[in-house]
Amino acid sequence: MTDETGRKRAARLFDIRRIIGGLFVLYGLILTVAGLLDGDAAIAKAEGVRINLWMGVAMIAVGGVFLLWERLRPLEVTPASPDEPGPDSPGDPS
Amino acid sequence: MPPLLTVAAPDLRLDVNLLDYAVLALYFVTVLGIGLAARRAVKTSLDFFLSGRSLPAWITGLAFLSANLGATEILGMAANGAQYGIATVHYYWIGAVPAMVFLGIVMMPFYYRSKVHSVPDFLRRRFNGQTQLLNAITFAMAQVLIAGINLYALSLVMGALLGWPLLLSIVVSAAIVLAYVVLGGLSSAIYNEVMQFFVILAGLIPVTVLGLMKVGGWSGLTERVKQSALGDPGLHTWANTGSADANPLGAHWIGIVLGLGFVLSFGYWTTNFAEVQRGLSARNTNAARLTPIVAAYPKLFIPVVTVIPGLVALVLFSDLGKPDGPQYNYAIPLLMGDLLPNGVLGIAVTGLLASFMAGMAANISGFNTVFTYDIWKSHVKKDRPDGYYLNLGRWATVGGVVLGIGTALIAAGFSNIMNYLQALFSFFNAPLFATFIVGLFWRRMTAWAGFWGLLSGTVVAFASYIGFKAGLIDFGTELNATFWGAGLAFGVDVVVSVVVTLFTTPKPESELRGLVYGLSDASLADDALSGDKAWYRSPVVLGIGALALAGLLYLPFL
């Protein structure tokens with residue numbers, strides 16, 4: 001049973017939606033802060049657009065969608081024997 | 001298929017600062033974390049090589065796309081955009097999507113339901129062990145060479161953009177790829193491909209948007225392309241292809257349809273194991289069939305972020321592609337340096353480096369599977385316990401990466417030879433595709449016909465290209481040499497297969513069940529999941545949709 005819960009926890013952590021979502025939210029936060037602090041030179045370089053701010057907000061939104069998706073439809077981990085992998089094999093999001 | 005990538009290293013130093021390096025570091029920490037997490041999930045050799053056949057279609061589909069969307073592809077297609085104009089979309093809309101749909105609808109059921117581990121393994125079942133070994137060896141060699149070329153191109157870009165020395169960037173990138181593929185096998189390669197896909201988009205979208213703003217939007221771009229060296233033909237796809245001289249691509253429409261659209265692209269997309277492997281890791285037949293079709297939809301729109309930046313670079317940098325200016329391949333890096341401030345710049349650099357590594361990881365994970373299953377397990381040491389092959393797979397990965405470093409160093413010394421090899425591999429799959437298509441639809445085709453057909457087709461592909469390079473045969477341009485070489489190899493393979501079949505005895509029908517068209521294997525259970533019946537999970541509906549969309553997209557650019 002402990003092995004089973006361990007496997008479940010590993011599988012949830014390993015869910016790619018969490019990884020992409022987490023990375024994008026983190027990147028988004030970094031860019032948003034950078035965008036707010038951007039000087040005139042950085043804005044002039046990007047055709048007058050606060051591109052760091054825009055991309056930051058967009059990446060937070062995209063990352064949020066992935067995290068929300070993972071929350072709303074969490075992974076179902078069902079036990080399966082390793083040598084007979086069927087359609088209900090564990091370990092990955094559906 | 002990935003275009004040629006030749007890069008010399010002019011001074012393109014990007015103005016990266018600590019912020020950009022932080023973004024880059026964060027990515028690689030995540031990548032290694034995935035490898036470590038995957039290590040805990042990998043228990044058997046099936047987990048390692050085929051992700052335990054457990055992935056849903058959207059993951060395998062994006063991985064299928066990303067295995068091809070390496071940086072050579074991105075930089076190369078932007079370069080083609082600058083050099084040939086809008087006609088570059090042929091590489092996507094006729095040169096990729098139809099073959100991807102064909103793979104999903106027609107061929108994937110044979111691959112997946114026969115439970116083979118690899119493309120050579122399918123050849124063993126359909127033909128014999130010799131055919132398997134022949135294909136396995138050529139494939140393994142090609143993968144190591146291409147991995148080395150990827151590594152070399154990566155180190156050139158890192159050198160040009162970040163100022164890293166060649167050897168340091170080769171070793172550092174090889175070490176990162178090695179670490180995550182050894183730890184997690186195909187799972188971690190696939191997860192990184194999916195992640196890389198989103199990061200590279202996050203880098204390319206701002207380049208495209210800001211680039212378009214700088215040249216005055218789409219109308220400003222077309223106006224300025226007309227006045228450029230490319231001129232009006234650079235804005236059309238099919239117009240002017242009635243003769244090969246009248247369009248920038250230098251190709252006749254028959255060559256585009258048959259050479260690019262049929263022989264080259266079907267060869268590459270339907271038999272290249274580095275691609276097919278992504279489908280084999282899907283959780284059931286339907287997900288496997290959907291894999292290339294799910295990939296086809298984003299593939300249709302990739303030109304927006306490659307061809308448009310190429311055209312923008314053409315009008316912004318007047319010396320691009322000129323003898324003393326930067327090469328076409330630097331179109332995207334030039335725009336990145338010109339338009340992106342620190343922060344987003346870090347994302348774009350990360351996406352570019354990640355896609356180089358994803359390309360190399362795809363080569364390495366294809367190599368270790370074929371080496372372990374199709375060379376070692378099938379022909380050297382059979383019947384060992386599963387753990388033996390899992391270990392061997394990890395060592396094969398180490399071996400593949402070390403050989404790749406070797407190839408990269410050779411490439412650094414003899415870059416021309418590498419360019420030739422790369423061109424050669426671009427039509428290497430044509431004879432393999434011929435063998436497949438005859439073998440699938442003609443059940444009488446014999447085991448030895450498979451072997452001799454493949455061997456003679458491969459030899460012809462080599463011979464025609466070497467003949468062209470040595471000046472013995474004149475095909476005109478490099479592009480035409482590729483079209484003709486592939487066509488010849490395909491034709492010779494078919495003829496030899498038919499002739500040998502007539503003189504040898506066919507395999508009994510019982511051995512061909514599930515491997516040829518019209519002989520299904522009734523003993524296989526239906527593995528459909530609930531919900532697979534829905535129209536939005538139907539490979540045929542979605543496949544036809546992708547084809548129709550490709551046709552519609554051509555309309556504004558005829």
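Conventions we followed
- Residues numbered from 1 in each chain as written.
- Chains lettered and ligands numbered in written order.
- Predicted model: local features only at pLDDT ≥ 70, side-chain atom pairs only at ≥ 80, totals over all residues.
- Heavy atoms only, no water.
- Helix = DSSP H or I, 4+ residues; strand = E, 2+ residues; numbered from the N terminus.
- Buried < 20%, exposed > 50% of the residue type's maximum accessible area, 1.4 Å probe, protein only.
- Contact = heavy atoms within 4.5 Å.
- Areas by Shrake-Rupley, 256 points an atom, 1.4 Å probe, with all protein chains shown as cover.
- pLDDT = per-residue confidence, 0-100.
- Axes fitted to C-alpha atoms, helices over the stretch in contact; angles between N-to-C directions.
- Parallel < 35°, antiparallel > 145°, perpendicular 65-115°, else oblique.
- Left-handed = near helix turned anticlockwise from the far one by under 90°.
- Nonpolar A, V, L, I, M, F, W, Y, C, P; charged D, E, K, R; others polar.
- 1 Å grid on protein atoms, 1.4 Å probe; cavity = no way out; pocket = protein on both sides within 12 Å on 5 of 7 lines; lining within 4 Å.
- Points joined across faces, edges and corners; volume = space filled by probe spheres on them.
- Lys, Arg positive; Asp, Glu negative; His and termini not counted.
- Salt bridge = Lys/Arg side-chain N within 4 Å of Asp/Glu carboxyl O.
- Buried area = accessible area lost by both parts, 1.4 Å probe.
- Polar contact = N/O pair within 3.5 Å; in protein donor to acceptor, adjacent residues only side chain to side chain.
- Phe/Tyr/Trp six-rings, centres within 6.5 Å; stacked < 30°, edge-to-face > 60°.
- Lys NZ or Arg CZ within 6 Å of the ring centre and 35° of its normal.

A. Seen up close, the overall build of chain A. In terms of regular secondary structure, chain A is built from four helices and zero strands. Each helix and strand of chain A, placed in order from N terminus to C terminus, yields the pattern α-α-α-α. Residue burial in chain A is summarised as follows: out of 94 residues, 40% are buried. Pairs at least 24 residues apart make up 68% of the contacts formed inside chain A by residues separated by at least 6 positions. Here chain A has roughly 5300 Å² of accessible surface; of this, 64% comes from carbon and sulfur atoms.

B. Focus on the confidence of the model for chain B. Residues and elements named next belong to chain B. Of the residues in chain B, 92% have a pLDDT of 70 or more, and the chain-wide mean is 84. In the model of chain B, helix H17 (residues 415-426) stands out as the element of lowest mean pLDDT, 64, in contrast to helix H13 (residues 285-316), which has the highest, 91. The ipTM for the predicted assembly is 0.82, set against a pTM of 0.84.

C. The packing of helix H2 (residues 16-37) of chain A against helix H4 (residues 51-72) of chain A, seen in detail. Residue and element names in this part refer to chain A. Two numbers describe how H2 lies on H4: the axes approach to 7 Å, and their chain directions differ by 160 degrees. The pairing of H2 with H4 is recorded here as roughly antiparallel in orientation. Where H2 crosses over H4, the handedness of that crossing is left-handed. Class assignment of the residues belonging to the contact of H2 with H4 gives a composition of 17 nonpolar, nine polar and three charged.

D. Just empty space enclosed by the protein, in detail. Residues and elements named next belong to chain B. Evaluated as defined, the whole model comprises five cavities of 30 Å³ or more. In this structure, the second largest cavity encloses a volume near 50 Å³. Taken together, Tyr-27, Phe-28, Val-31, Tyr-180, Asn-192, Glu-193, Gln-196, Ala-354, Met-357 and Ala-358 make up the full set of residues lining the second largest cavity. Contributing elements (two or more residues each) for the lining of the second largest cavity: helix H1 (18-41), helix H9 (166-214) and helix H15 (344-379). Looking at which element gives the most residues to the lining of the second largest cavity, the answer is H9, with four residues. By residue class, the composition of the lining of the second largest cavity is seven nonpolar, two polar and one charged.

E. View of the side chain of B:Asp20. Examined against the element boundaries, B:Asp20 turns out to sit in helix H1. We note that B:Asp20 is buried and unpaired, the nearest opposite charge coming from A:Lys45 at a distance of 7.9 Å. Setting aside residues no more than four positions away along its own chain, B:Asp20 makes contact with B:Asp15, B:Asn342, B:Gly343, B:Leu345 and B:Gly346.

F. Geometry of the environment of B:Leu55. Among the secondary structure elements, B:Leu55 is positioned in the loop between helix H2 (45-50) and helix H3 (57-68). Remark: the alpha-carbon pair of B:Leu55 and B:Thr44, spanning 11 residues in sequence, is separated by 16 Å.

G. Molecular detail of the environment of B:Pro206. In this structure, B:Pro206 sits in helix H9. For B:Pro206, a relative accessible area of 1% gives the class buried. Separated by 69 residues in sequence, B:Pro206 and B:Ile137 place their C-alpha atoms 42 Å apart. B:Pro206 has contacts with A:Ile51, A:Met55, B:Leu201, B:Gly211, B:Leu340 and B:Val344, leaving out every residue within four places of it along the chain.

H. How the structure looks around the interface of chain B and chain A. Facing 41 residues of chain B, the contacting portion of chain A comprises 34 residues. Note on chain B versus chain A: buried area summed over both sides is about 3400 Å², and carbon and sulfur give 76% of it. Linking chain B to chain A there are one salt bridge. A salt bridge links B:Lys214 to A:Glu47, with the shortest nitrogen-to-oxygen separation between them at 3.9 Å. Across the chain B-chain A interface, the total number found is six residue pairs in polar contact (both at pLDDT 80 or more). Of all the secondary structure elements, the ones that give two or more residues to the side of chain B that touches chain A are H1, H3, H9, helix H14 (331-339) and H15 of chain B. Counting residues per element, the side of chain B that touches chain A draws most heavily on H9(B), which supplies 10 residues. By residue class, the composition of the side of chain B that touches chain A is 27 nonpolar, eight polar and six charged.

I. The side chain of B:Lys299, seen in detail. All names here are of chain B. Its location among the elements puts Lys-299 in helix H13. For Lys-299, a relative accessible area of 2% gives the class buried. Non-local contacts of Lys-299, meaning those with residues more than four positions away in its chain, are made with Leu-65, Asn-68, Glu-73, Tyr-92, Ala-96, Val-97, Met-100 and Trp-269.

J. Just the packing of aromatic side chains, in detail. Applying the stated criterion across every chain, the model contains 29 aromatic pairs over all chains. Each member of the aromatic cluster is reached from another via a ring pair, and the members are A:Phe24, A:Phe66, A:Trp69, B:Trp58, B:Phe197 and B:Phe198. Above the ring of B:Tyr389, the side-chain terminus of B:Lys377 is found at 4.8 Å from the ring centroid. The aromatic ring of B:Tyr388 is capped on one face by B:Arg384, whose charged end is 5.1 Å from the ring centroid.

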